[in-house]
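Now for the letters of each chain:
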Amino acid sequence: MSTINNLDLQNIPRHVAFIMDGNGRWAKNKGQHRLFGHAAGVESVKSVIQTARELGISYLTLYAFSTENWARPSDEVEGLMNLLVDAIANEVDEMHANGVRLLTIGDIQGLPGNCHESLLSAMNRTKDNTALTLILALNYSARQEIIKAALAAHQLMQDAQLSSTDLSEQVFSSLLQTKDIPDPELLIRTSGECRISNFLLWQLSYTELLFTDTHWPDFRREAFIDAIANFQKRERRFGMVSEQIQTTK
Ligand code: FPP
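This is a predicted model, so every value here is computed, not measured.

(A) Broad picture of the overall build of the protein chain. Along the backbone of the protein chain there are 8 helices and 6 strands. Traced from its N-terminal end to its C-terminal end, the protein chain shows the element sequence β-α-α-β-α-β-α-β-α-α-β-β-α-α. Taking 18 Å as the expected radius of gyration for a compact globule of 249 residues, we find that the protein chain reaches 19 Å, a close match to that expectation. Taking all 249 residues of the protein chain together, the buried fraction comes to 46%. For the protein chain, the computed accessible surface area is about 13,200 Å², with 48% contributed by carbon and sulfur atoms.

Structural data, given as structure tokens:
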């Protein structure tokens, strides 16, 4: 197990994204309802936010609800929305005091009214904070995000504000919901599945992927520090060869 003292503080990822999976299985293993697992998952969210601040990570993106998650049983969907509203109500003061800025990606207008309103209010309250940006992906689909960006590019071309030759990767990135957020250096998915599930498909092009068997409710500070230690052992080559990376260091 790694400790914070073993980490290279000059090589902390600026942005870490999480697919928080395994709440249901964790609860089932304990003979409990799935919502018990989601509630325990909120404690992991708190631990990961605190650890990110401690490590000096600037951006944390959490996949909290995908557009596909609406297909779950209605009591689970309702329970998840209530957990989100409660978590914001309970945590916003501390988040604000700790300099955390809340942002969302996804279509939050499609969430229940009380959920939408509490998110807007928390985002407004924390908008000037700079210690850590917490991005919640809610009612999010990466494919939808990319389609919307393509339509926005098309509109700019129709309005003669953009020519097709000027549509660079940078310009396209600026049309995504993540326009002001650097791409994640590290994606962590808990609970053993090795897939991306329609999350940040454009932004993850060069991201290091880490899949762990730990269920999300068990993923706390120690597991996060271990994941950062794992990240620090990797060589990010961006299509180059190892010798080139060594000389640019
Ligand atoms: C995946 O586990 C988890 C989710 C779909 C929801 C994640 C939500 C939370 C952790 C709580 C609320 C979030 C915030 C930001 C306060 P799963 O249910 O798919 O697990 P399973 O694959 O074991 O069934």
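From this point, things continue past the structure.
(B) Up close: helix α2 (residues 34-55). Its 22 residues place the ends of α2 31 Å apart at the C-alpha level, agreeing with the 32 Å of an ideal helix rising 1.5 Å per residue. Immediately beyond the C-terminal end of α2, within one or two residues, lies Gly-56, with a positive phi of roughly 80°.

(C) Spatial organisation of the site of the ligand. Around the ligand, the surrounding shell holds 17 residues, and the nearest of these are Met-20, Asp-21, Arg-25, Arg-34 and Arg-72. For the ligand, an oxygen atom lies 3.2 Å from a polar atom in the backbone of Asn-23. Within the side chain of Arg-72, an N or O atom sits 2.7 Å from an oxygen atom of the ligand. Expressed as a share of its isolated accessible area of 630 Å², the protein-covered part of the ligand is 91%. Mapped by element, the contributors of at least two residues to the shell around the ligand are α1 (23-29), α2 and α3 (74-97). Considering only residue class, the shell around the ligand consists of 7 nonpolar, 6 polar and 4 charged.

(D) Seen up close, the sheet that holds strand β2 (residues 59-66). Strands sit in the order β3-β4-β2-β1-β5-β6 across an open sheet of 6 strands; the sheet is parallel. The open sheet is flanked by β3 (100-105) and β6 (208-211), the only strands paired with a single partner. The sheet shows a mean angle of 20° between the axes of neighbouring strands, taken without regard to direction. Bridge count for β3 against strand β4 (residues 132-140) is 6 bridges, and the pairing is parallel. The partner of Leu-102 across the bridge, within β4, is Leu-134. Against the sheet, helix α4 (residues 113-125) makes contact with β3 and β4, and its axis sits at roughly 140° relative to β3, the strand it touches most.

(E) How the structure looks around the nonpolar core. In this structure, Phe-18, Leu-60, Leu-119 and Phe-224 are the most contacted members of the largest nonpolar core, which totals 46 residues. Considering every element that reaches this core, the biggest residue donor is α3, with 8 residues. Excluding residues that lie within four positions of it along the chain, Phe-224 makes contacts with Val-16, Phe-18, Val-48, Thr-51, Ala-52, Ile-57, Leu-60, Ile-188 and Phe-219.

(F) The arrangement of the packing of α3 against α4 in detail. Orientation of α3 relative to α4, taken along the N-to-C sense of each, is 15°, at an axis distance of 10 Å. One element, α3, and the other, α4, form an angle in the roughly parallel class. The two elements α3 and α4 cross, and the hand of that crossing is left-handed. The segment α3 lies against α4, with Met-81, Leu-84, Val-85, Ile-88, Val-92, Asp-93 and His-96 engaging Asn-114, Cys-115, Ser-118, Leu-119, Ala-122 and Arg-125. Class assignment for the residues of the contact of α3 with α4 results in 8 nonpolar, 3 polar and 2 charged.

(G) Highlighting the pairing of strand β1 (residues 15-19). Taking burial as the measure, the 5 residues of β1 include 5 buried ones, the bulk of the element. Covered by surrounding structure in β1 are His-15, Ala-17 and Ile-19 together with Val-16 and Phe-18, the residues of both alternating faces. Examined bridge by bridge, β1 and β2 share 5 bridges and lie parallel to one another. Bridge pairing in β2 links Val-16 to Leu-60.

(H) Inspection of the packing of aromatic side chains at higher detail. Counted according to the given criterion, the structure contains 12 aromatic pairs. The interplanar angle of 45° and the centroid separation of 4.8 Å between the aromatic rings of Phe-172 and Trp-202 together place this pair among those described as tilted. Here the residue Phe-172 occupies a position in helix α6 (residues 169-173), and Trp-202 occupies one in the loop between β5 (186-189) and β6, the gap between them amounting to 30 residues. When the centroid spacing of 5.7 Å and the interplanar angle of 45° are considered together, the rings of Tyr-206 and Phe-238 count as tilted. In this pair, Tyr-206 sits in the loop between β5 and β6 while Phe-238 sits in the loop between α7 (221-232) and α8 (242-248), placing the two residues 32 residues apart along the sequence. Site record: aromatic cluster; members linked through ring pairs are Phe-18, Trp-216, Phe-219 and Phe-224.

Here is what the cut-offs are and how they apply
- Residues numbered from 1 in each chain as written.
- Predicted model: local features only at pLDDT ≥ 70, side-chain atom pairs only at ≥ 80, totals over all residues.
- Heavy atoms only, no water.
- Helix = DSSP H or I, 4+ residues; strand = E, 2+ residues; numbered from the N terminus.
- Rg over C-alpha atoms; globule rule 2.2 N^0.38 Å.
- Buried < 20%, exposed > 50% of the residue type's maximum accessible area, 1.4 Å probe, protein only.
- Areas by Shrake-Rupley, 256 points an atom, 1.4 Å probe, with all protein chains shown as cover.
- Expected span 1.5 Å × (residues − 1).
- Near = heavy atom within 4 Å.
- Polar contact = N/O pair within 3.5 Å; in protein donor to acceptor, adjacent residues only side chain to side chain.
- Nonpolar A, V, L, I, M, F, W, Y, C, P; charged D, E, K, R; others polar.
- Pairing = 2+ DSSP bridges.
- Axes fitted to C-alpha atoms, helices over the stretch in contact; angles between N-to-C directions.
- Contact = heavy atoms within 4.5 Å.
- Core = buried A, V, L, I, M, F, W, Y, C linked by side-chain atoms within 4.5 Å.
- Parallel < 35°, antiparallel > 145°, perpendicular 65-115°, else oblique.
- Left-handed = near helix turned anticlockwise from the far one by under 90°.
- Phe/Tyr/Trp six-rings, centres within 6.5 Å; stacked < 30°, edge-to-face > 60°.

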